[in-house]
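Here's the letter readout for the chains.
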2 protein chains.
Amino acid sequence: MKNFVRIPRDLGHAIRQARREKNLTQADLATRSGVWQETISKVEAGRGGTKLDTILALLAALDLELLVRTRSKGTASDFDNIFD
Amino acid sequence: MKNFVRIPRDLGHAIRQARREKNLTQADLATRSGVWQETISKVEAGRGGTKLDTILALLAALDLELLVRTRSKGTASDFDNIFD
DNA sequence: TACGTTTATGATCTTTAGATCATTTGGAGG
DNA sequence: CCTCCAAATGATCTAAAGATCATAAACGTA
């Protein structure tokens, strides 16, 4: 069962998906994470750059975490389209 | 075989480790990634915030990638101390 | 369609990361 | 100790992110 997303391809997508699954509005997530609704809108839309701190705050509030691993391990298809 | 690190705990550490394993100086990594040596120094030391773009550039140059996944899957011990 | 809620945009201001250069500290060998 | 290279610090400047407020566009639903 796939439970990963590649960054940055689907970062905004993953965040939006996770937020919706928890029935949170951007405003809700904003209060929980300390990140502003307007910023969340941008992040979810993949518009503009973002600070690591910001995405970490969002992911934490959504009970998601970030991992690094070596690119060579595993094939692309192992992790693709998780949050289609 | 463990091949993950948790972010942000070991991000700088992971980058430094990966860089050293490839026998690259910070200056080398700088040219390859387009990120300045001074910035790399900060990132590796975990000093100050960083833009996502910057860490992605570094990770790409080191053949590392970033993944998101739900925090609940798997136990901490599965991924701890990979880049001790 | 009209209302209420959610999301997107737009403007301004503040803060901070990153570029850039110069300097310094720290190690490893000679 | 003295070089040489690598890494860290420090100052200044520019660009970009995020805070903040206000408003507009979208979307669902009664």
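Because the structure is a prediction, the values reported are computed rather than measured.

**Examining the protein's contact with DNA strand D**
Piece 1. The local shell around DNA strand D holds 17 residues, among which W36(A), E38(A), G49(A), T54(A) and Q26(B) are the closest.
Piece 2. Sugar plus phosphate, as a fraction of atoms of DNA strand D within 4 Å of the protein: 76%.
Piece 3. Within the contact set of DNA strand D, a phosphate oxygen lies 3.5 Å away from a side-chain nitrogen or oxygen of T39(A).
Piece 4. In the environment of DNA strand D, a phosphate oxygen lies 2.9 Å from a nitrogen or oxygen atom belonging to the side chain of R16(B).
Piece 5. Breaking the surface near DNA strand D down by element, the ones donating at least two residues are α3 (37-45) of chain A together with α1 (11-21) and α3 (37-45) of chain B.
Piece 6. If one sorts the elements of the surface near DNA strand D by residue count, α3(B) sits on top with three residues.

**Structural notes on the nonpolar core**
Piece 1. I15(A), L52(A), L66(A), I15(B), L52(B) and L66(B) are the most contacted members of the largest nonpolar core, which has 37 residues in total.
Piece 2. Excluding anything up to four places from it in sequence, L52(B) contacts L11(A), T50(A), K51(A), L52(A), I55(A) and L66(B).

**Section: the confidence of the model for chain A**
All names here are of chain A.
Piece 1. Per-residue pLDDT for chain A has a mean of 82; in total, 76% of the residues score no lower than 70.
Piece 2. Mean pLDDT values over the elements of chain A span from 65, in strand β1 (residues 5-6), up to 97, in helix α2 (residues 26-33).
Piece 3. Here residues 74-84 scores under 50 on pLDDT; set against residues more than four positions off or in separate chains, the count is 21 contacts.

**Focus on unusual backbone geometry**
Residues and elements named next belong to chain A.
Piece 1. The phi angle at N23 is positive, at roughly 55°, despite the residue not being glycine.
Piece 2. Structurally, the position occupied by N23 is in the loop between α1 (11-21) and α2.
Piece 3. Residue classification places N23 among the exposed residues on the basis of a relative accessible area of 69%.
Piece 4. Phi is positive for D63, which is not a glycine, with a value near 60°.
Piece 5. Looking at where D63 falls in the secondary structure, it is placed in the loop between α4 (52-61) and β2 (64-70).
Piece 6. Since its relative accessible area comes to 30%, D63 is described here as partly exposed.

Scoring rules and cut-offs
Residues numbered from 1 in each chain as written. Chains lettered and ligands numbered in written order. Predicted model: local features only at pLDDT ≥ 70, side-chain atom pairs only at ≥ 80, totals over all residues. Heavy atoms only, no water. Near = heavy atom within 4 Å. Polar contact = N/O pair within 3.5 Å; in protein donor to acceptor, adjacent residues only side chain to side chain. Helix = DSSP H or I, 4+ residues; strand = E, 2+ residues; numbered from the N terminus. Core = buried A, V, L, I, M, F, W, Y, C linked by side-chain atoms within 4.5 Å. Buried < 20%, exposed > 50% of the residue type's maximum accessible area, 1.4 Å probe, protein only. Contact = heavy atoms within 4.5 Å. pLDDT = per-residue confidence, 0-100.

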